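Given next are the chains, with one letter for each unit.
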Amino acid sequence: MAQEKRRDQPPGNDNERIQSVKIAFITDLLELSPTQAQQFWPLFNEYSAKYKALADQWMEVAKLVRKNPKLNEKESEKNLKRILELQEKQDSLKRQYLTEYEKFLSKNQVLKLALIESSFKRFLLKHMRRPQHGGGPEHRKHRKKMGSE
């Protein structure tokens, strides 16, 4: 029945749910006051959009390399240079926005925010491994017994 519900949900619903969980996770971890939240979320959303644009460019290079695993040295050098440039832009963007957050967040909140991406990914992976969410060995074992693997 859970699988039927999942099929009936509109596309993109998982991303929306993950985004919703991420907002709650960040708000809770940073213990944002209403005033801080009002200043934080527009800036964080702006940062996230810019960061995602850079990550999308990185993925385009990765796709190109996966499709052409035997690039010549010149092409490899060009793609490596592009990856390093994108990484530097992401790092610079993160530094820029962390500085902006310091205008209305405490140093402790900014520190937590600087570490939040890896914390959220670990939280999400742990959450998704739970049997009730379709992960974990118990669920895989059950699916195998039911003949769905």
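For clarity, every value in this text was computed on a predicted model and none was experimentally measured. Residue positions are counted from 1 within each chain, in the order its sequence is given. Only residues with pLDDT of 70 or above have their local features reported here, since the model is predicted, and side-chain atom pairs are shown and tallied only from 80 upward, although totals for entire chains, interfaces and linings are computed over all residues. The basis for every side-chain value is the complete set of heavy atoms in the structure, and neither hydrogens nor water enter the calculation.

A. Representation of the pattern of salt bridges within the structure. A pair is scored as a salt bridge if a Lys or Arg side-chain nitrogen falls within 4 Å of a carboxyl oxygen belonging to Asp or Glu. Summed over the entire model, instances satisfying the criterion amount to seven salt bridges. The salt bridge involving Arg17 is made with Asp14; its shortest N-O contact spans 2.5 Å. Taken as a pair, Arg17 and Asp14 lie in helix α2 (residues 13-30) at a separation of three residues, close to a single helical turn. Looking at Arg17, the relative accessible area reads 39%, which means it is partly exposed. Where Asp56 meets Lys52, a salt bridge forms, and the shortest distance between an N and an O atom there is 3.0 Å. Pair noted here: Asp56 and Lys52 are both in helix α3 (residues 34-67), with a separation of four residues, about one helical turn. For the purposes of this entry, the term helix denotes a DSSP run of H or I that reaches at least four residues, the term strand denotes a run of E that reaches at least two, and both are numbered from the N terminus. Burial classes follow relative accessibility: with a 1.4 Å probe on protein chains only, a residue under 20% of its type's maximum area counts as buried, one over 50% as exposed, and anything between as partly exposed.

B. Expanded view of α2. In a helix, the anticipated span is given by 1.5 Å times the number of residues less one. Between its first and last C-alpha atoms α2 spans 26 Å; for 18 residues at 1.5 Å apiece the expected length is 26 Å, and the two agree. Those residues of α2 lying buried are Asn13, Lys22, Phe25, Ile26 and Leu30. On the buried face of α2, the contacting elements are α3, α5 (107-114) and α6 (116-129). Backbone geometry just after α2 places Glu31 at a positive phi near 50°. Should any heavy atoms of two residues lie within 4.5 Å, those residues are considered in contact.

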